[in-house]
Amino acid sequence: MRVPFLYPLLAILFFQTLISKPPRWYGKPLNKYPISDFFVGEGTGFDCSEALLYAQEVIVSQIRVTIKSELNIYTSQVSSGDKAEVEEIFEFAINSVVDETVNGISAVKKKKRK
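Residues numbered from 1 in each chain as written. Predicted model: local features only at pLDDT ≥ 70, side-chain atom pairs only at ≥ 80, totals over all residues. Heavy atoms only, no water.

Quick notes on the overall build of the protein
Next, step 1: Regarding its fold elements, the protein presents 2 helices and 2 strands.
Next, step 2: Its helices and strands in sequence order give the protein the pattern α-α-β-β, from N to C terminus.
Next, step 3: Taken over 114 residues, the protein has a buried fraction of 4%.
Next, step 4: Accessible area of the protein: about 10,900 Å², with a carbon and sulfur share of 57%. (Helix = DSSP H or I, 4+ residues; strand = E, 2+ residues; numbered from the N terminus. Buried < 20%, exposed > 50% of the residue type's maximum accessible area, 1.4 Å probe, protein only. Areas by Shrake-Rupley, 256 points an atom, 1.4 Å probe, with all protein chains shown as cover.)

Next up, the structure:
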């Protein structure tokens, strides 16, 4: 059984894969915004808002969270004759900085692929 439309369909798919490449600037560093001073993220999508959402996810993934904890135990014992008292004091402190919302993200380049 021959399928006459199969060859043109395969040719269209082949040429589509050759044509669909990311823009030339995609994946290259932005000279005005070095990654040592800025959080940089690139995103792609069907529209600008979807691309911006993906770029924000890339930026947020670059943020690290530090959690420090400290535990101090103080033990004292007082004895008098056949009696003894033991006192323990626990001090526990957790210092964490977590910011799940990143404000001030702006798009410096918006380029629609043709």
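A look at a nonpolar patch on the surface
Next, step 1: Together, V65, I67, L71, I73, F90, F92 and I94 give the surface a local cluster of nonpolar side chains, amounting to about 760 Å² of exposed area.
Next, step 2: Counting residues per element, the ones that place at least two in the nonpolar patch are β1 (66-80) and β2 (83-97).
Next, step 3: Looking at where F92 falls in the secondary structure, it is placed in strand β2. (Patch = residues over 30% accessible without salt bridge, like charges linked within 9 Å, V, L, I, M, F, W, Y side chains within 5 Å. Salt bridge = Lys/Arg side-chain N within 4 Å of Asp/Glu carboxyl O.)

Looking at the environment of V78
Next, step 1: Of note, V78 is situated in strand β1.
Next, step 2: Classification of V78 by relative accessible area gives exposed; the value is 55%.
Next, step 3: Among residues more than four places away in sequence, those in contact with V78 are K83, A84 and E85. (Contact = heavy atoms within 4.5 Å.)

Concerning the confidence of the model for the protein
Next, step 1: Looking at the protein as a whole, the pLDDT averages 76, with 75% of positions reaching at least 70.
Next, step 2: The least confident element of the protein is helix α1 (residues 6-19), whose mean pLDDT is 72; the most confident is helix α2 (residues 48-60), at 85. (pLDDT = per-residue confidence, 0-100.)

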